Amino acid sequence: MQANICKRQTGASVTSRVQAFKPAGPVAWRRPAAARQQQHVQPCRAASDQQTASTPASSAAAQEYVQDNEFSITKISYGSILTPVGLGLMIYGFGAYFTLLPGTDISSILLIYGFPMSILGFALSYAQLEPVPCKTTRAAFDLRSSQMTDIQKQIREDTTRYRYGDEKHLDEALDKIWKFGRQGNPPKKMCPTLTGLREETVDGAYCLTLEFASKLELPVWEDRQPKFQSFFGPGVVAKVLPTEQGVDVQLVSDGSGAGRGGGEKKDVLPPLMPGLKARQQ
């Protein structure tokens, strides 16, 4: 009888413990509402962070520089071609004339063509003006066909190829803007030097930036800003920005569409060689 009493007491104690451990109702077994809400918020927050991170990445891709693979015969130095070819013909002609090399019958022809070609090659190499480097961003490259004006295109094409007989790029254009040597204007020796070009975007618009090495003060450049805009216009807004080497002149497309499609043309740059007809824009 004592054993049965102990057994009933033990069973009662186990039942009371289970009831004490069991939750009061079915709601207590569910996950708290705050935890469930946090679980749904975290993926949304992660998606938002991923979208925010992708925005700078796309902006960086737009500012990435692209290679200019456009081929043009004007980007090849004529002097670098004529000089070695002319020297080769002339040397072989001398060797054939003195029977040191085969081809005695054509030695005179080689000398006749080789001598003037080598002289012309030396002259062109002496008179040539090296093209300036041009950096182009992906965004600006995509806007060329829709926003670049005719004058911006001519500036880029004329300054990124070899020129002959000119001392500086945009020499005549700068002389018309600055009027060097005249009363109240800087002397000719203070003429800025174009050192490079950049094709970029400014507030979503196509921009051609002219990099100048100059010793002129910034206020003098700012006084010429309206002349830059009128000379290289229409369809652009000129901005002057100081740099370590001098000044950057930004020609930003204004989006009006003026100056595109071969409208009214005017002289912008001198001819490629002295004596040729001035090119029109």
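The paragraphs below set out a description of the structure included in this document.

**Points about the pattern of salt bridges**
Oppositely charged side chains may form a pair once their charged atoms are brought near each other.
Right, on to step 1. Summed over all chains, the structure comprises nine salt bridges.
Right, on to step 2. The salt bridge partner of Glu 199 is Arg 144, with a shortest N-O separation of 2.6 Å. Remark: Arg 144 occurs in helix α5 (residues 138-147) and Glu 199 occurs in strand β5 (residues 193-202); sequence separation between them is 55 residues. Across the pair, Arg 144 and Glu 199 agree in class, each one buried.
Right, on to step 3. The partner of Lys 188 in a salt bridge is Asp 171, and the shortest N-O contact between them spans 3.2 Å. Taken together, the positions of Lys 188 in the loop between α7 (171-178) and β5 and Asp 171 in helix α7 put the pair 17 residues apart, joining distant regions of the chain.
Right, on to step 4. Residue Lys 188 is classed as partly exposed on the basis of its relative accessible area of 40%.

**Here we look at unusual backbone geometry**
Right, on to step 1. Put simply, Gly 233 and Pro 234 share a cis peptide bond, and its omega is 5°.
Right, on to step 2. Turning to its location among the elements, Pro 234 is positioned in the loop between α9 (225-231) and β7 (236-242).
Right, on to step 3. Positive phi values are uncommon outside glycine, yet Thr 99 reaches one of about 60°.
Right, on to step 4. Inspection of the secondary structure assignment puts Thr 99 in the loop between α3 (78-97) and α4 (107-127).
Right, on to step 5. A positive phi angle, near 55°, is found at Asp 203, a position not held by glycine.
Right, on to step 6. Residue placement: Asp 203 occurs in the loop between β5 and β6 (205-213).
Right, on to step 7. With relative accessibility at 79%, the residue Asp 203 sits in the exposed group.

**Remarks on the packing of aromatic side chains**
Right, on to step 1. Throughout the structure, instances matching the rule amount to nine aromatic pairs.
Right, on to step 2. Pairing Trp 178 with Phe 180 gives two aromatic rings, centres 5.9 Å apart and planes at 20°, and the pair type is stacked. For the pair shown, Trp 178 and Phe 180 are each scored as buried.
Right, on to step 3. Relative to Phe 228, the ring of Trp 221 has its centre 5.8 Å away and its plane inclined at 15°; by these criteria the two rings are stacked.
Right, on to step 4. Pairwise contacts between aromatic rings join Trp 178, Phe 180, Phe 212, Trp 221, Phe 228, Phe 231 and Phe 232 into one cluster.
Right, on to step 5. Residue placement shows Lys 135 over the ring face of Tyr 65; its charged tip is 5.9 Å from the ring centre.

**A word on helix α6 (residues 150-159)**
Right, on to step 1. Counting buried residues in α6 gives seven out of 10 residues, a clear majority hidden from the surface.
Right, on to step 2. Among the residues of α6, those classed as buried are Ile 151, Gln 152, Gln 154, Ile 155, Arg 156, Asp 158 and Thr 159.

**Observations regarding a nonpolar patch on the surface**
Right, on to step 1. A cluster of nonpolar side chains, namely Tyr 92, Phe 94, Tyr 97, Phe 98, Leu 100 and Leu 101, defines an oily patch on the protein surface of about 660 Å² accessible area.
Right, on to step 2. Secondary-structure assignment places Leu 100 in the loop between α3 and α4.

**Some points on the pairing of β5**
Right, on to step 1. Of all 10 residues making up β5, seven are buried, and the element is well covered by its neighbours.
Right, on to step 2. Pairing of strand β3 (residues 134-137) with β5, which is carried by three bridges, proceeds in the parallel orientation. When the bridges of β5 are listed, Lys 135 appears paired with Arg 198.
Right, on to step 3. In terms of strand pairing, β5 meets β6 through nine bridges, oriented antiparallel. Paired with Leu 197 across the bridge in β6 is Leu 210.
Right, on to step 4. Hairpin connection, β5 to β6: the antiparallel pair is bridged by two residues, and Asp 203 has positive phi, about 55°.

About the thresholds
Residues numbered from 1 in each chain as written. Predicted model: local features only at pLDDT ≥ 70, side-chain atom pairs only at ≥ 80, totals over all residues. Heavy atoms only, no water. Salt bridge = Lys/Arg side-chain N within 4 Å of Asp/Glu carboxyl O. Helix = DSSP H or I, 4+ residues; strand = E, 2+ residues; numbered from the N terminus. Buried < 20%, exposed > 50% of the residue type's maximum accessible area, 1.4 Å probe, protein only. Phe/Tyr/Trp six-rings, centres within 6.5 Å; stacked < 30°, edge-to-face > 60°. Lys NZ or Arg CZ within 6 Å of the ring centre and 35° of its normal. Patch = residues over 30% accessible without salt bridge, like charges linked within 9 Å, V, L, I, M, F, W, Y side chains within 5 Å. Areas by Shrake-Rupley, 256 points an atom, 1.4 Å probe, with all protein chains shown as cover. Pairing = 2+ DSSP bridges.

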